[in-house]
Structure formats: C-alpha cells, structure tokens
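A look at the structure
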Amino acid sequence: MKHIGTQYIETQRLILRRLERSDAHSFVDNIASDDEVTRFLSGWPKNCTVPMMEGILDRWISQYSDTDCYNWAIVLKEDGTEAIGQILVFDWDEKEEIPNLGGCIGKRWWNRGIMTEALGAVLDSLFNQVGVRRIEGYHDQNNPAAGTVMKKCGMKYKEKQDWACWYSIDADDR
C-alpha cells in the first residue's frame, strides 16, 4: 500500500477534488443546514454557520499535508465549482490496509446516482492507486439509501452491529 493523499478524480459527471475554504457557503447551504442530510452524520454542529463551517474546513484542509488523508468535495462538472457533497476516508486500519469510507450529499442531488458514481471512483482510486486490500463502510440502519449506494458499487453486506449495517469489498472483487 502506498498513500498518495487526496488526488483529483474526474468521472463522467463529477469532479472530486480537495476541499477549499471557499466551499463553506456550499456546505452550509447544501449539507449542514439540512437536518435530513445531517441526521446520520456524527459530529455536524446544529445551526452551522458559514464561519463555523470555515473553521471545520480549515481543520480538514490542514490534514492534506498527511498522505493518508483522503477527503474529497463532490462537484458536478456542469456546475464547475459548487460543492454538493463530500466523500472521505475517516478511519484506517493501517495494519490490515483497510480504509473505512463515509460521505454525504445535498438533498437536491439524492436519487440521481451521483453518490454511487463518486463512491465508485473513490473505490477505484483506493484499489488501483493506493493498493488497499479491502474497503469497508457502514451506515445507520435507518438510512438504507446509503446501503443501496454501497451495494451498487459492489460492496457486500457483512453484518449488523448495534445501530449500524456494515459492508465491504475486497480488491479481488472489483
């Protein structure tokens, strides 16, 4: 496994790029101010303001100096600039070479295959460029749409633990 950090990824409809401080307004408008979007996200502050979001983005951006930081803004190519979501590795099992993925997308873009396209591109990058052996993800059992996205990307249901449903995919299954 060779860490490369958050690299620019382009798909048919999307640009996955590093977060920028200027994404604060988009994140507040599209994600942080919508309780339906944030209800399954841990750590998001209630009533998030643009200055609060700038502080959060500053912390995330400062982590880019670490090559094991993978945190992308999801941007529609047709739009070019507005961050409509995020996909990231939020936990690594370095010994086993297994990252855990998470993400979110603004409600206006739900059910359009955007998160599936973004996740698929990230899976490809982590398997092909970083060389991970397996990728895992989980979702709140009350958020089955997240499981649907993982299944569409080839991830297999593993188990339910407490409140979460766990999925994984091995490099050989891609």
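Values in this document were obtained by computation on a predicted structure and should not be read as measured data. (Residues numbered from 1 in each chain as written. Predicted model: local features only at pLDDT ≥ 70, side-chain atom pairs only at ≥ 80, totals over all residues. Heavy atoms only, no water.)

**A short note on the environment of D93**
- Within the secondary structure, D93 is located in strand β4 (residues 83-93).
- A distance of 3.3 Å separates the side chain of D93 from the backbone nitrogen of K95, its partner in a polar contact. (Helix = DSSP H or I, 4+ residues; strand = E, 2+ residues; numbered from the N terminus. Polar contact = N/O pair within 3.5 Å; in protein donor to acceptor, adjacent residues only side chain to side chain.)

**Let's talk about the side chain of T6**
- Structurally, the position occupied by T6 is in the segment before β1 (9-10).
- In this structure the side chain of T6 is engaged in a polar contact, spanning 2.9 Å, whose partner is the backbone nitrogen of N71.

**With respect to the packing of aromatic side chains**
- Taken as a whole, this structure holds seven aromatic pairs when the rule is applied.
- Ring centres 6.1 Å apart and planes at 35 degrees place the aromatic pair Y70 and W72 in the tilted group.
- Owing to a relative accessible area of 2%, Y70 belongs among the buried residues under this scheme.
- By relative accessible area, W72 is classed as buried at 0%.
- In this structure an aromatic cluster arises from ring pairing among F90, Y138, W163 and W166. (Phe/Tyr/Trp six-rings, centres within 6.5 Å; stacked < 30°, edge-to-face > 60°. Buried < 20%, exposed > 50% of the residue type's maximum accessible area, 1.4 Å probe, protein only.)

**Focus: the nonpolar core**
- With 33 residues, the main nonpolar core has I74, L119, L123, L126 and I135 as its most contacted residues.
- The set of elements that each furnish at least two residues to this core consists of β2 (14-18), β3 (71-76), β4, β5 (98-105), α4 (114-130), α5 (144-152) and β8 (164-170).
- A total of ten residues in this core trace back to one element, the largest contributor, which is α4.
- Apart from residues lying up to four places away in sequence, L119 is in contact with I87, L101, V149, M150, C153 and M155. (Core = buried A, V, L, I, M, F, W, Y, C linked by side-chain atoms within 4.5 Å. Contact = heavy atoms within 4.5 Å.)

**Here we look at the packing of helix α1 (residues 24-32) against helix α3 (residues 50-62)**
- Contact geometry for α1 and α3: axes closest at 8 Å, N-to-C directions at 115 degrees. Accordingly, the angle class assigned to the pair α1 and α3 is roughly perpendicular. Regarding α1 and α3, the two cross each other, and that crossing is right-handed. Side by side, α1 and α3 meet where A24, H25, F27 and V28 of the first sit next to V50, M53, E54, L57 and W60 of the second. (Axes fitted to C-alpha atoms, helices over the stretch in contact; angles between N-to-C directions. Parallel < 35°, antiparallel > 145°, perpendicular 65-115°, else oblique. Left-handed = near helix turned anticlockwise from the far one by under 90°.)

**With respect to the pairing of β8**
- Extensive coverage of β8 is indicated by the burial of six of its seven residues.
- As paired strands, strand β6 (residues 134-140) and β8 are joined by seven bridges and run antiparallel to one another. Across the sheet, Y138 pairs through a bridge with W166, a residue of β8.
- Examined bridge by bridge, strand β7 (residues 156-161) and β8 share five bridges and lie antiparallel to one another. For Q161, the partnering residue across the bridge sits in β8 and is A164.
- With antiparallel pairing between neighbouring strands as the criterion, β7 and β8 make up a hairpin whose turn holds two residues, including D162 at a positive phi of roughly 55 degrees. (Pairing = 2+ DSSP bridges.)

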